[in-house]
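# Notes for the structure review
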Amino acid sequence: MKKIGILILFFQFVGLFLLKAEVKVAGLFGNNMVLQRERPVKIWGQADKNEMVEVSFKEQTLKTRANRKGEWQVTLAPMSHGGPYSLEVKGKNNTIRYDNILVGDVWLCSGQSNMEWVVSLAGNAQQEIEDADYPMIRSLNVPKSLHVIPQQETQGSWDVCSPSTVGNFSAVAYFYARELYRKLGIPIGIINSSWGGTVIEAWISPDVYEALPADVQRPEDTGMLESIRKYMKANKGKTMKDYQEAVAVDKGMTGKWYAEATDVSSWDEMQIPQEWGTTPLAAVDGHVWFRLDFTLPEANAGKPAVLHLGRIDDNDISWVNGKEVGYTNGYGEERIYNIPAGLLKAGKNSVTVRVTDDMGPGGFIGEAKDVYLEIGAQNVSLAGKWKYNPSLVNESFHKASLSPNTIHSSLYNSMIHPFTQFPIKGAIWYQGESNTDMPIAYQTLFPALINDWRDKWGYEFPFYWVQLANFMEKDLVPVESGWSGVRDAQQMTLSLPQTGQAVIIDIGEAGNIHPANKQEVGRRLALNAFNKTYGYRDVIFSGPTVASIEKKGDKVLLTFDTHGSALDVKNKYGFIEGFTLAGADGKYEWAKAWIDNGKVVVWSEKVPAPAFIRYGWGNNPDVNLFNKEGLPASPFSTAIGK
């Protein structure tokens, strides 16, 4: 028996040795991927130390030996577009093969929720999905992850664009890629590395962010950062998620607040649905439990039903009469959960929902009509006063609010840095909504991010972004606006080479921070790429921008650069909306404006000595100055020269 035991241990040891010796390829590589054309392409991974690794792709076969850390890397010579091809990696004990690989242009697509927003939630989604037969477009959705130090590895799989996959593609990235493919006819890869509600500070590398002036950095919980580092040092192999789980024990779960017998008489009340922004939960991140008791007649007892809760920001777990009926992670999806037969009863029933808000506003963000119980042909409204009770939130236990916005660089470290060895054609960016509280700082942060990423990749790739859309109610009088401040910072960043922006001040929605027309966003981004990256100089890529300003008496005359087009005012009387003027006191007043001899004339009887001028300044300004191609003039704010 002793010999048998020794043999078993021997074979276990050999098995572990062989497992260690297997060659591996970095997680971003896989079937269906796109490699960047006309640039050297690195392929890398892990193997046993000093192991010989052979890589074959197209007509190239390269050999290398893993270093003492087990790291290996080869570099393929630049290739023209084409495919499909296969990538084969051989070690001494195994071979890895990836198929259906294309060579084309790869674009990194990053930002917050408007970049993350998927095709299935965009305007005309059903038709767009049915028409999405573009096998030459491939997408990699980067898994959400945060870390306190730069990571070398990420995971994910590349999907071929089809009606069965495109619904989960970033809408802006997909419509951008589709425009490129239709005009260029080459494979297009999109890497969707985005996370809703995140600030730009999370996307800048640690070395660059920590070198920025103190007045543009956000205060951060250095105690939390230190505790995370100590935890990870003491528990090698543990992740940020492990840390979060270790320190965040929800008393609502341990106390079974979802049970029917739970006493909720001491819980507070809140009208549901509503966002937390105007409630006592406005500054809360973490877990908040909601409970509604309602009555059903005998006729509905035992029947199967469907629970509709609308959209919830960010995540939820839902119970009916103490039984879990569903959960969803992500604020973009409608909560629709099936209730099995036999669970509902005559008389008192209960719905319990644990809402988890990771950052920013949270809560039930749908409409009252979206919150109901569907029993056969009958709908029972569940909108109204619900009981609620926070169980684990940042106010009572700060560690519970660990999120991408808690620690600078957390998303760069895990969702950008792993790609810095992987060549790309360029990047597109849609972010800024979460930085409207510090718009002046964005003037430094945004160009810092662009220069940072270019430095990490080692070359000056094209970088195009979406200027913030119009949002919220119209202003009755001219006001200051953080949204306009970020737009202004974005406009200033055009001073960097190989940059461009899509101005969408005309297609936002007052009541929706996620405007549905992502098709036009993608198209306007692509116009920049066609003109500036791909050499189609005849493509008009921008609406009018101010070229010069002069003061003539009590009037202001503006000359616009129309970028190869002509001014167009969308008003049958020719009046331009959205201008304001201010004197030396800085108090802005609405102004009248019109076109005269190719110049825009601006005047206000309330400002006889104008010193400052603005256009399109506000959260949701009235704008109607375009070019003949329908591209809007960019908002601006500036002093007027003498």
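The text that follows walks through the structure, step by step, so that each part is easy to find. Just so you know, these numbers come straight off a predicted model, no measurement behind them. (Residues numbered from 1 in each chain as written. Predicted model: local features only at pLDDT ≥ 70, side-chain atom pairs only at ≥ 80, totals over all residues. Heavy atoms only, no water.)

Another aspect to go through is the overall build of the protein. For the protein, the helix and strand inventory stands at twelve helices and 36 strands. Taking 642 residues into account, the globule formula puts the C-alpha radius of gyration at 26 Å, and the protein, at 28 Å, falls close to it. Split into buried and exposed, the 642 residues of the protein put 55% on the buried side. The contacts of the protein with a sequence gap of at least 6 include a subset with a gap of at least 24, amounting to 74%. With an accessible surface of roughly 27800 Å², the protein has 52% of that area assigned to carbon and sulfur atoms. (Helix = DSSP H or I, 4+ residues; strand = E, 2+ residues; numbered from the N terminus. Rg over C-alpha atoms; globule rule 2.2 N^0.38 Å. Buried < 20%, exposed > 50% of the residue type's maximum accessible area, 1.4 Å probe, protein only. Contact = heavy atoms within 4.5 Å. Areas by Shrake-Rupley, 256 points an atom, 1.4 Å probe, with all protein chains shown as cover.)

Strand 16 (residues 315-320) sits mainly inside the fold: six of its six residues count as buried. Looking at chain direction, strand 16 and strand 17 (residues 323-329) are connected through six bridges and run antiparallel. Along strand 17, the bridge assignment pairs D316 with T328. Counting the residues between successive antiparallel strands, the hairpin from strand 16 to strand 17 contains two residues, one of them, N321, with a positive phi of roughly 50°. With six bridges connecting them, strand 16 and strand 19 (residues 347-357) associate as antiparallel partners. Its bridge partner being in strand 19, W319 is matched across the sheet by T352. (Pairing = 2+ DSSP bridges.)

A few words on the sheet that holds strand 3 (residues 41-46). Spatially, 1-3-6 is the arrangement adopted by the three strands of the open sheet, whose pairing is antiparallel. Either end of the sheet is taken by a strand with one partner, and the two such strands are strand 1 (24-25) and strand 6 (71-76). Both strand 3 and strand 6 contribute to a ladder of six bridges, which runs antiparallel. By the bridge assignment for strand 6, Q46 is matched with E71.

With that settled, the discussion passes to the side chain of N349. Turning to its location among the elements, N349 is positioned in strand 19. Residue N349 is classed as buried on the basis of its relative accessible area, which comes to 1%. Polar contacts involving the side chain of N349 include one to the main-chain carbonyl oxygen of G347, which spans 3.0 Å. If near-sequence neighbours (up to four positions away) are discounted, N349 is found in contact with L292, D293, F294, L296, N321, L343 and L344. (Polar contact = N/O pair within 3.5 Å; in protein donor to acceptor, adjacent residues only side chain to side chain.)

This brings us to the pattern of salt bridges. In this structure the tally under the stated criterion is 28 salt bridges. One salt bridge in this structure joins D48 and K92, with 3.6 Å as the shortest N-O distance. Remark: K92 occurs in the loop between strand 7 (82-90) and strand 8 (95-111) and D48 occurs in the loop between strand 3 and strand 4 (52-57); sequence separation between them is 44 residues. Assessed through its relative accessible area of 12%, D48 is described here as buried. In this structure, the salt-bridge partner of R97 is E88, at a minimum N-O distance of 3.6 Å. For R97, a relative accessible area of 48% gives the class partly exposed. Given the relative accessible area of 22%, E88 is considered partly exposed. Here the salt bridges do not stand alone but share partners, grouping E88, K90, R97 and D99 into one network. (Salt bridge = Lys/Arg side-chain N within 4 Å of Asp/Glu carboxyl O.)

Before going further, it helps to spend a moment on the packing of aromatic side chains. In the structure shown here, the tally under the stated rule is 33 aromatic pairs. Aromatic side chains F446 and W465 sit 4.9 Å apart centroid to centroid with 80° between the ring planes, which places their arrangement in the edge-to-face category. Of the two residues, F446 is situated in helix 10 (residues 439-457) and W465 in strand 25 (residues 463-466); the sequence distance between them amounts to 19 residues. W465 shares its class with F446; the two are buried. When the centroid spacing of 5.9 Å and the interplanar angle of 75° are considered together, the rings of Y459 and F461 count as edge-to-face. Look at F461 and you get buried, because its relative accessible area is 1%. (Phe/Tyr/Trp six-rings, centres within 6.5 Å; stacked < 30°, edge-to-face > 60°.)

In this section: the sheet that holds strand 12 (residues 268-272). Spatially, the six strands line up as an open sheet ordered 12-23-14-19-16-17, and their pairing is antiparallel. Bordering the open sheet on either side are strand 12 and strand 17, each of which pairs with just one other strand. Looking at each pair of strands side by side, their axes are set apart by 25° on average, direction ignored. (Axes fitted to C-alpha atoms, helices over the stretch in contact; angles between N-to-C directions.)

Relative to the helices and strands, R614 resides in strand 34 (residues 612-615). With relative accessibility at 9%, the residue R614 sits in the buried group. Here the side chain of R614 touches S637 through a polar contact of 3.0 Å, side chain to side chain. Apart from residues no more than four positions distant in its own chain, R614 is found in contact with V479, E480, G578, F579, T580, Y588, F636 and S637.

A surface patch of nonpolar side chains, about 420 Å² in accessible area, is lined by L476, V477, V479 and W590. Counting through the fold element by element, W590 comes out in strand 31 (residues 588-590). (Patch = residues over 30% accessible without salt bridge, like charges linked within 9 Å, V, L, I, M, F, W, Y side chains within 5 Å.)

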